[in-house]
Amino acid sequence: MKSRGHFWIKAAYVPILMIIFVFCLIGLIITINVTIDSKNIQRTIGELNTEDLFVHFLQAENHYFYPDPEDPLFTTSSLSSLAIQLATSIKPTDARTFLGNELPGLRLYDTEIAVAGEGTNLSNIPYESPPPTEVLLKERKVAEEKLQERQTSEEDKKPVTNPEKKTVFIYQSHSWESFLPLLKGAENPNDAISSDERVNVIGLGNRLAENLMERGIGVEHDKTNMTQELHKKGWKSTKAYTVSGTIVDEAVVAKNNELDYFIDIHRDSARKNITTKTINGKSYARLYFVVGREHENYLENLDFAKKLHAELEKKYPGISRGVFLKSKSEGNGVYNQDVSSKAMLLEIGGVDNNLDELERTVDVFSDVLADYYFEENEAKEVNGNG
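These figures come from a predicted structure and were not determined experimentally.

Remarks on the pattern of salt bridges
Taken as a whole and assessed by the stated rule, the structure comprises 18 salt bridges. Here E118 and K277 are joined by a salt bridge, their closest N and O atoms 2.8 Å apart. A residue pair is termed long-range when its members are at least 10 positions apart, and E118 in the loop between β1 (112-116) and α6 (133-136) and K277 in strand β5 (residues 276-279) qualify at 159 residues.

What follows is the structure, encoded as structure tokens:
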């Protein structure tokens, strides 16, 4: 009886020790400020190969699918890395996750490289804070002499007919974004601002629209002066996506949902050594795609951007800097991309690129997008979905 009593006393220790262990674990998590949320889990699990994961589950139920000792799902390092990421939001291969809580502001650079283009790494991830409203209202003089020859050749061009059915919507949330070579006395990246559409991103939208229309694709191009719109409302430049979101929604209603492709054109603030690529003896402004991950269908937008990136790289290696994912911590996080699976934020060139470089890249992108457009429409017709 005595030994049996000792047995029950010892048995009672087990749940008590378990409770103490759980409380200690909770205390440790709170102390180190651990965050376990759906985004961390989704991002970490998303890095696993889905086919390997499926086979892993089959192995658990049917031992015919015997485990491979080299399978990354079974290796100690992989499992420990997965556990660390889920528990602490720390990714062993990303230094930012170790230092984010120690260095003020580093968490702002939370951009994820979905596809790395040539030379793209953590040291040159795109990051751009919008200029204050008072800077936007300061108009710089255009370098007219650099535009005269081009204007003469543009006048000789035949007008392009826009197809009746509009499926592409082009707009510019930061319409003020311009380029230093096209402005007088502009040297600092913050000086690359203008409301003149000949020298800002609206001009790039014009060229893209004309190229697509020449290929028989109907385009709706919004040329709203976002600086004026923000000033009217008394809003800061950080509200630009709120304004452009309204513009996009109104366009969808006006066109009775026939719009499918939505292209928001921007330019980067990086300097020329990062934003320029020489291909076959010609200089091109590099481009890249930004995908907002703060809406439930962002993976469809990501897939679309990856396909365009791949086609661009196939034809003009090095012209794309890659595909980047951004969250709310870096600004908007949606970028109006919840309106369609084929919505994109396209950054073309940087502050130092000249008009020749920019237009060459717009022409390249136009061809790639048009080819994708017609291939997809042909596929729909074959499948009876046209």
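What to know about the side chain of E357
Tracing the chain through its elements places E357 in helix α13 (residues 355-382). Looking at E357, its side chain comes within polar contact range of the side chain of S283, at 2.8 Å. Apart from residues lying up to four places away in sequence, E357 is in contact with K272, T276, S283, Y284 and A285.

With respect to the environment of K328
Structurally, K328 is set in the loop between β8 (320-326) and β9 (342-348). As a C-alpha pair, K328 and R293 span 35 residues in sequence and 8.4 Å in three-dimensional space.

Thoughts on the pairing of strand β6 (residues 282-285)
Both β5 and β6 contribute to a ladder of four bridges, which runs antiparallel. From the neighbouring strand, T276 faces β6, where its bridge partner is A285. Taking the residues between adjacent antiparallel strands as the criterion, β5 and β6 are bridged by two residues, where N280 takes a positive phi near 50°.

Quick notes on the nonpolar core
I263, F289, L308, M344, F365 and L369 are the most contacted members of the largest nonpolar core, which has 52 residues in total. With ten residues, the single largest contributor to this core is α13. Once you skip the residues sitting within four places of it in the chain, F365 turns out to touch L208, I263, L287, F289, L308, L312, M344 and L346. Core analysis: the next-biggest nonpolar cluster, separate from the first, contains 16 residues, L136, V243, L259 and F262 among them.

Some words on a nonpolar patch on the surface
Nonpolar side chains collect at one region of the surface, where I16, L17 and I20 lie side by side and expose about 290 Å² of accessible area between them. Tracing the backbone shows I20 in helix α1 (residues 2-31). Classification of I20 by relative accessible area gives partly exposed; the value is 45%.

A closer look at the sheet that holds strand β3 (residues 218-221)
On the basis of which strands lie adjacent, the open sheet formed by seven strands has the order β1-β8-β7-β9-β4-β2-β3 and mixed pairing. The outermost strands of the open sheet, each flanked by one partner alone, are β1 and β3. The average undirected angle you get between the axes of adjacent strands in this sheet is 25°. As defined by bridge partners, strand β7 (residues 287-292) adjoins β8 across six bridges and the pair is classed as parallel. Among the inter-strand pairings, V291 is bridged to a residue of β8, identified as L325. Contacting β2 (166-171), β3, β4 (261-266) and β9, helix α8 (residues 201-214) runs over the sheet at an angle of about 165° to β3.

Digging into the packing of aromatic side chains
Enumeration over the complete set of coordinates arrives at ten aromatic pairs. Between Y288 and F324 the ring centres are 5.3 Å apart and the planes differ by 80°, which places this aromatic pair in the edge-to-face class. One end of the pair, Y288, is in strand β7; the other, F324, is in strand β8, with 36 residues separating them in the sequence. Comparing Y288 with F324 shows no difference in burial state: the two are buried. Where F289 meets F365, the ring centres are 6.4 Å apart and the plane angle is 50°; that geometry is what we call tilted. Taken as a pair, F289 in strand β7 and F365 in helix α13 lie far apart in primary sequence, 76 residues in all. Taking relative accessible area as the criterion, F289 reaches 1% and is therefore assigned buried. Put simply, the rings of Y261, F304, Y372, Y373 and F374 touch in pairs and so form one group of aromatic residues.

Here's the deal with the environment of M344
In this fold, M344 is placed in strand β9. Sequence separation between M344 and F304 is 40 residues, and the spatial gap between their C-alpha atoms is 8.5 Å. In contact with M344, not counting residues within four places along its chain, are F262, I263, D264, F289, F304, L308, Q337, F365 and L369.

Concerning the environment of N353
Checked against the element boundaries, N353 lands in the loop between β9 and α13. Separated by 68 residues in sequence, N353 and A285 have C-alpha atoms that sit 6.3 Å apart. In contact with N353, not counting residues within four places along its chain, are F179, P181, K272, T275, T276, A285 and L358. At a separation of 2.9 Å, a polar atom in the side chain of N353 contacts the side chain of T275. Separated by 3.0 Å, the side chains of N353 and T276 make a polar contact.

Looking at helix α9 (residues 226-233)
Restricting attention to buried positions, one finds in α9 the residues M226, T227 and L230. Along the axis of α9, the buried residues cluster in a sector spanning 105°; they form a single face. With a side-chain oxygen positioned 3.1 Å from the backbone nitrogen of T227, the residue opening α9 is N225.

Definitions and cut-offs
Residues numbered from 1 in each chain as written. Predicted model: local features only at pLDDT ≥ 70, side-chain atom pairs only at ≥ 80, totals over all residues. Heavy atoms only, no water. Salt bridge = Lys/Arg side-chain N within 4 Å of Asp/Glu carboxyl O. Helix = DSSP H or I, 4+ residues; strand = E, 2+ residues; numbered from the N terminus. Polar contact = N/O pair within 3.5 Å; in protein donor to acceptor, adjacent residues only side chain to side chain. Contact = heavy atoms within 4.5 Å. Pairing = 2+ DSSP bridges. Core = buried A, V, L, I, M, F, W, Y, C linked by side-chain atoms within 4.5 Å. Buried < 20%, exposed > 50% of the residue type's maximum accessible area, 1.4 Å probe, protein only. Patch = residues over 30% accessible without salt bridge, like charges linked within 9 Å, V, L, I, M, F, W, Y side chains within 5 Å. Areas by Shrake-Rupley, 256 points an atom, 1.4 Å probe, with all protein chains shown as cover. Axes fitted to C-alpha atoms, helices over the stretch in contact; angles between N-to-C directions. Phe/Tyr/Trp six-rings, centres within 6.5 Å; stacked < 30°, edge-to-face > 60°. Arc of directions from axis to C-beta.

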